[in-house]
Amino acid sequence: MGLWSPTPPIPLGQRVTLVRNSLEDCPRDPRIPGFPIFTALEKDLKGISSILNQSFPDRAFSAEAVRKSIIGPAYAFCTFVALDVGGVVAGTASARRRYGIGEVAWVATHPDYRRRGIATALVQFTVNYLRESGFTEACAVLGPSTSESIAFWAALGFDHYRPDLK
Ligand SMILES: CC(C)(COP(=O)(O)OP(=O)(O)OC[C@H]1O[C@@H](n2cnc3c(N)ncnc32)[C@H](O)[C@@H]1OP(=O)(O)O)[C@@H](O)C(=O)NCCC(=O)NCCS
């Protein structure tokens, strides 16, 4: 992904929206060995809220807030979890609608499980879910943007910077 360079350049340290212009080429059956992906259930709430609180320290995610998000319909969320042995929540990602297109939101991997491809598989799974739900485009909102997060999303096809979506 090293040579990819968007036009216009993406500002760093800001809230930015990146769009995947087509969902047709997304992997149809993404998996990560050892970490099956499921739709989140009540039993996963504590694990999800713990990961989100560690991953986004400037926000507070109570189990109740996560419950509302998961069972909606306020945000039309569907949340997925990658589970380790014993049902430990290793990572999470959510699908919803934003700006009239799909959104992959609240992507986070537990610090003990990072750099094993879990977030990659979760994003691909969520994109495939959005495609099956009828969306043709999806966005990811980064806030704040960093060179690492931009590269992460670009590698997953979210490579169109849309300054008009904020
Ligand atoms: C970003 C995050 C979700 C990545 O989770 P992960 O499960 O470790 O991601 P993956 O293993 O699928 O990584 C895929 C690729 O992303 C890139 N990447 C991931 N974390 C990175 C980091 N800290 N620094 C640089 N590149 C990184 C790498 O290219 C990596 O591939 P590699 O391991 O083969 O080099 C995780 O670090 C996290 O929860 N961070 C806090 C919350 C957050 O920033 N969420 C994203 C919102 S924009």
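Everything here concerns the structure above.
The shown structure was predicted, so the numbers you read here are calculated from the model rather than taken from an experiment.

Asks: An account of the overall build of the protein chain is requested, with residue identities and associated values reported.
Replies: The number of helices and strands found in the protein chain is four helices and seven strands. Secondary structure elements of the protein chain, listed N to C terminal, follow the sequence β-β-α-α-β-β-β-α-β-α-β. In terms of overall size, the protein chain behaves like a compact globule, its C-alpha atoms giving a radius of gyration of 15 Å where 166 residues would be expected to give roughly 15 Å. Reported as C-alpha extents along the three principal axes, the dimensions of the protein chain are approximately 45 × 35 × 30 Å.

Asks: Tell me what's going on with the sheet that holds strand β6 (residues 138-142), and back it up with residues and numbers.
Replies: Strand order in this open sheet of seven strands is β2-β3-β4-β5-β6-β1-β7, and the pairing throughout is mixed. Unpaired on one side and paired on the other, β2 (37-39) and β7 (160-161) mark the two borders of the sheet. Relative to β6, strand β5 (residues 101-109) is paired through two bridges, and the arrangement is parallel. Bridge pairing in β6 places E103 opposite C139. Contacting β1 (16-20), β2, β3 (78-83), β4 (89-98), β5 and β6, helix α3 (residues 118-132) crosses the sheet at an angle of about 30° to β4.

Asks: Can you lay out the site of the ligand for me, pointing to particular residues and giving the numbers?
Replies: Near the ligand, the surroundings consist of 16 residues, among which S55, T109, R114, A119 and T120 are the closest. Put simply, the parts of the chain that give the shell around the ligand at least two residues each are β5, α3 and α4 (147-155). Partitioning the shell around the ligand into residue classes produces six nonpolar, six polar and four charged.

Asks: Pulling in residues and values, what's your account of the environment of A155?
Replies: Considering the arrangement of structural elements, one finds A155 in helix α4. Along the chain, A155 and R114 lie 41 residues apart, while their C-alpha atoms are 17 Å from each other.

Asks: Break down α3 for me, with residues and values.
Replies: Owing to its 3.6 residues per turn, the α-helix brings residues three or four apart onto one side. In this model, α3 (15 residues) spans 21 Å end to end at C-alpha, consistent with the 21 Å of a helix rising 1.5 Å per residue. Burial of α3 is extensive: twelve of the 15 residues sit out of reach of the surface. Buried within α3 are the following residues: I118, A119, A121, L122, V123, Q124, F125, T126, V127, Y129, L130 and R131. Phi for G134, located one or two positions after α3, is positive at around 105°.

Asks: Outline the pairing of β6, listing residues and values.
Replies: Judged from the five bridges that link them, β1 and β6 form a sheet pairing that is antiparallel. Bridge pairing links R20 to A138 in β6. For the crossover from β5 across α3 to β6, the handedness is right-handed.

Asks: Provide a residue-level description of the environment of A119, including the pertinent values.
Replies: Here A119 shows up in helix α3. Excluding residues that lie within four positions of it along the chain, A119 makes contacts with G91, V107 and T109.

Calculation notes
- Residues numbered from 1 in each chain as written.
- Predicted model: local features only at pLDDT ≥ 70, side-chain atom pairs only at ≥ 80, totals over all residues.
- Helix = DSSP H or I, 4+ residues; strand = E, 2+ residues; numbered from the N terminus.
- Rg over C-alpha atoms; globule rule 2.2 N^0.38 Å.
- Pairing = 2+ DSSP bridges.
- Contact = placed C-beta atoms within 7 Å.
- Axes fitted to C-alpha atoms, helices over the stretch in contact; angles between N-to-C directions.
- Near = placed C-beta within 6 Å.
- Nonpolar A, V, L, I, M, F, W, Y, C, P; charged D, E, K, R; others polar.
- Expected span 1.5 Å × (residues − 1).
- Buried ≥ 20, exposed ≤ 12 C-beta atoms within 10 Å, placed from the backbone.
- Right-handed = clockwise from strand over helix to strand, strands pointing away.

Taken by themselves, the reported measurements are silent on function.
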